[in-house]
Every structure is written in C-alpha cells, then in structure tokens.
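Each chain, written out:
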Amino acid sequence: MAKNLRERDVMMCRSCGNEERASEGYPCADCGTFVCIICNFRGVTLCKSCRAKRPEPPLTPNHSTKIDWPEH
Ligand SMILES: [Zn+2]
Ligand SMILES: [Zn+2]
C-alpha cells in the first residue's frame, strides 16, 4: 500500500542531477533547494546555479587562497 512512499521521497539533486532520496539530502546552503547526500559527501553544499553565482566556494581550506597579488 505505502510502497511508493519511497519514490515520493525521491527528489532531483540540483547539483548533480541525480535522483536521490530527499530525506537523505541537504538543502543548498544558499537557496535551500535539494542537494543530494552524495554531493554533500564531496563537499558540495551549493546547488549548480548557486555555485555558478559564486566565484569561489566558501569552504575550501584545502586550496590555497589565491589572492590577486602581483608577483614580482
Ligand atoms: Zn547530487
Ligand atoms: Zn542553491
């Protein structure tokens, strides 16, 4: 009877386009749209359009912050 409950739980990830379970995903940090858990594991907290809006991701301590600094 309630077997299609699972399918109703599925949403399309706005980052990678995969259909994942909404209950396991996270909202985009910017606009709150659905971003799947797989993207979150990869460190993606923003949907595709929000990432496009942002010049650089805010949470990347790994990468050296490239400042527009004149060399030489
Ligand atoms: Zn995704
Ligand atoms: Zn977004």
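Coordinates for the structure precede this section.
Residues numbered from 1 in each chain as written. Chains lettered and ligands numbered in written order. Predicted model: local features only at pLDDT ≥ 70, side-chain atom pairs only at ≥ 80, totals over all residues. Heavy atoms only, no water.

The helix and strand tally for the protein stands at 3 helices and 4 strands. The order of α-helices and β-strands along the protein, N terminus first, is α-β-β-β-β-α-α. A buried classification covers 18% of the 72 residues belonging to the protein. Taking all contacts inside the protein whose residues are at least 6 apart in sequence as the whole, residues at least 24 apart take part in 14%. (Helix = DSSP H or I, 4+ residues; strand = E, 2+ residues; numbered from the N terminus. Buried < 20%, exposed > 50% of the residue type's maximum accessible area, 1.4 Å probe, protein only. Contact = heavy atoms within 4.5 Å.)

Binding of the zinc ion (ligand 2) to the protein goes through Cys28 (SG), Cys31 (SG), Cys47 (SG) and Cys50 (SG), at separations of 2.3 Å. When the donor residues of the zinc ion (ligand 2) are listed from N- to C-terminus, their spacing reads C-x2-C-x15-C-x2-C. Separated by 16 residues along the polypeptide, Cys31 in the loop between strand S3 (26-27) and strand S4 (34-35) and Cys47 in the loop between helix H2 (37-41) and helix H3 (48-53) bring together distant segments of the chain. Taking relative accessible area as the criterion, Cys47 reaches 2% and is therefore assigned buried. (Donors = N, O, S within 2.8 Å, 3.2 Å for Na, K, Ca; no water.)

All right, on to the coordination of the zinc ion (ligand 1) then. On the protein side, the zinc ion (ligand 1) has Cys13 (SG), Cys16 (SG), Cys36 (SG) and Cys39 (SG) as donor atoms, found 2.3 Å from it. Around the zinc ion (ligand 1) sit 4 donor atoms; with metal-centred angles ranging over 106 to 114 degrees, the donor geometry is tetrahedral. Each donor residue of the zinc ion (ligand 1) belongs to the same chain, with the gaps between them written as C-x2-C-x19-C-x2-C. (Tetrahedral: all angles 85-135°; square planar, octahedral: opposite > 155°, others 65-115°.)

With that out of the way, let us pick up the side chain of Ser15. Mapped onto the secondary structure, Ser15 falls in the loop between strand S1 (10-12) and strand S2 (19-21). For Ser15, a relative accessible area of 8% gives the class buried. At 3.0 Å, the side chain of Ser15 forms a polar contact with the side chain of Arg51. Discounting chain neighbours no more than four positions away, the residues touching Ser15 are Val35, Cys39, Val44, Leu46, Cys47, Lys48 and Arg51. (Polar contact = N/O pair within 3.5 Å; in protein donor to acceptor, adjacent residues only side chain to side chain.)

Moving on: the nonpolar core. A general trend in soluble globular proteins is that nonpolar side chains are found buried together. Of all hydrophobic cores here, the largest spans 10 residues; its members are Cys13, Cys28, Phe34, Val35, Cys36, Cys39, Val44, Leu46, Cys47 and Cys50. Val35 has contacts with Cys13, Ser15, Gly25, Tyr26, Cys28, Asn40, Val44, Leu46 and Cys47, leaving out every residue within four places of it along the chain. (Core = buried A, V, L, I, M, F, W, Y, C linked by side-chain atoms within 4.5 Å.)

This part covers the pattern of salt bridges. Using the criterion set out here, one finds 2 salt bridges in the structure. Residues Glu24 and Arg21 are paired through a salt bridge, measuring 3.9 Å at the closest nitrogen-oxygen approach. On the accessibility criterion, Arg21 (32% relative accessible area) is partly exposed. (Salt bridge = Lys/Arg side-chain N within 4 Å of Asp/Glu carboxyl O.)

Everything listed here is a matter of coordinates, which is why it stays silent on function.
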